[in-house]
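Coordinate inspection notes
This is what each chain is made of:
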Amino acid sequence: MEAVLVPFLFIFIALILQAGEVKSNAEEEALTSLRNSLADPNNVLASWDPTLVTPCTWFHITCNSDNRVVRLDLGFEGLSGQLPTGLAALDQLQYLSLYENKIEGTIPADIGNLTKLMALDLRANSISGTIPPSLGQNLQSLTFLGLEDNRLTGQVPHELGNIPNLKFLNISNNNLCGFLPIELLRVPTLDWSNNPGIGKACP
């Protein structure tokens, strides 16, 4: 009986290792896409070498004990460009920090699929477009959302009021309009100042 079980045990272990490798490859592809989408004049992403086995050795990245990416810290690094789609492959990510750079373009909707995310800090860039409703639909663990000092337009999506543990929300100094969802008034730290259109119907 034991002789029969041994081959199946090896197959089971191999499948687990293969699944982990697939996850690691998907994370590496997402991070490589991010690197390719950003101009990096200070070479802060120079260590992001896709030939390495895991991105856990790259600077500005933190992994957990399973070698899954849980933190990405790239604030105040002089980066410019746009955020690519595909970051949802970092499905264990808890902290995404890209504050005080020169990032343009829109917030990819699939960031709303990062269901483990606890903090999203995109403040002080040149991000435009609307706030994706997906941020409020799926980010149920989010406690910190910093979007201030950008060029965001449109209405604040009512879905943001569905985030149960949100403690900090700053959307100040944008070009948002419409009426603030009443559910957001329960957020302990909330700042929507310097949005002349808030409190008025959107054009």
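Preceding block: the structure.
Report follows, based on the coordinates. Since the structure is predicted, the reported quantities are computational estimates derived from the model, not experimental observations.

Moving on, we come to the packing of aromatic side chains. The tally for this structure, following the rule as stated, stands at two aromatic pairs. Taking 5.4 Å as the distance between ring centres and 25° as the angle between the ring planes, the aromatic pair formed by Trp48 and Trp58 counts as stacked. Here the residue Trp48 occupies a position in the loop between strand E1 (38–39) and strand E2 (61–63), and Trp58 occupies one in the loop between E1 and E2, the gap between them amounting to 10 residues. Taken individually, Trp48 and Trp58 each receive the classification buried, so the pair is uniform in this respect. Taking 4.4 Å as the distance between ring centres and 5° as the angle between the ring planes, the aromatic pair formed by Phe144 and Phe168 counts as stacked. Placement of the pair is Phe144 in strand E9 (residues 144–146) and Phe168 in strand E11 (residues 168–170), with a sequence separation of 24 residues.

Summed over the entire model, instances satisfying the criterion amount to two disulfides. Here Cys177 engages in a disulfide with Cys202; their sulfurs sit 2.0 Å apart. Between Cys177 and Cys202 the sulfur-sulfur dihedral comes to about 105°; the bridge is accordingly right-handed. Highlighted residues: Cys177 in strand E12 (residues 175–178) and Cys202 in the segment after strand E14 (197–198), separated in sequence by 25 residues. Numbered in order of appearance, the disulfide-bonded cysteines of the chain are paired 1-2, 3-4.

Definitions and limits used
- Residues numbered from 1 in each chain as written.
- Predicted model: local features only at pLDDT ≥ 70, side-chain atom pairs only at ≥ 80, totals over all residues.
- Heavy atoms only, no water.
- Phe/Tyr/Trp six-rings, centres within 6.5 Å; stacked < 30°, edge-to-face > 60°.
- Helix = DSSP H or I, 4+ residues; strand = E, 2+ residues; numbered from the N terminus.
- Buried < 20%, exposed > 50% of the residue type's maximum accessible area, 1.4 Å probe, protein only.
- Disulfide = S-S within 2.5 Å.

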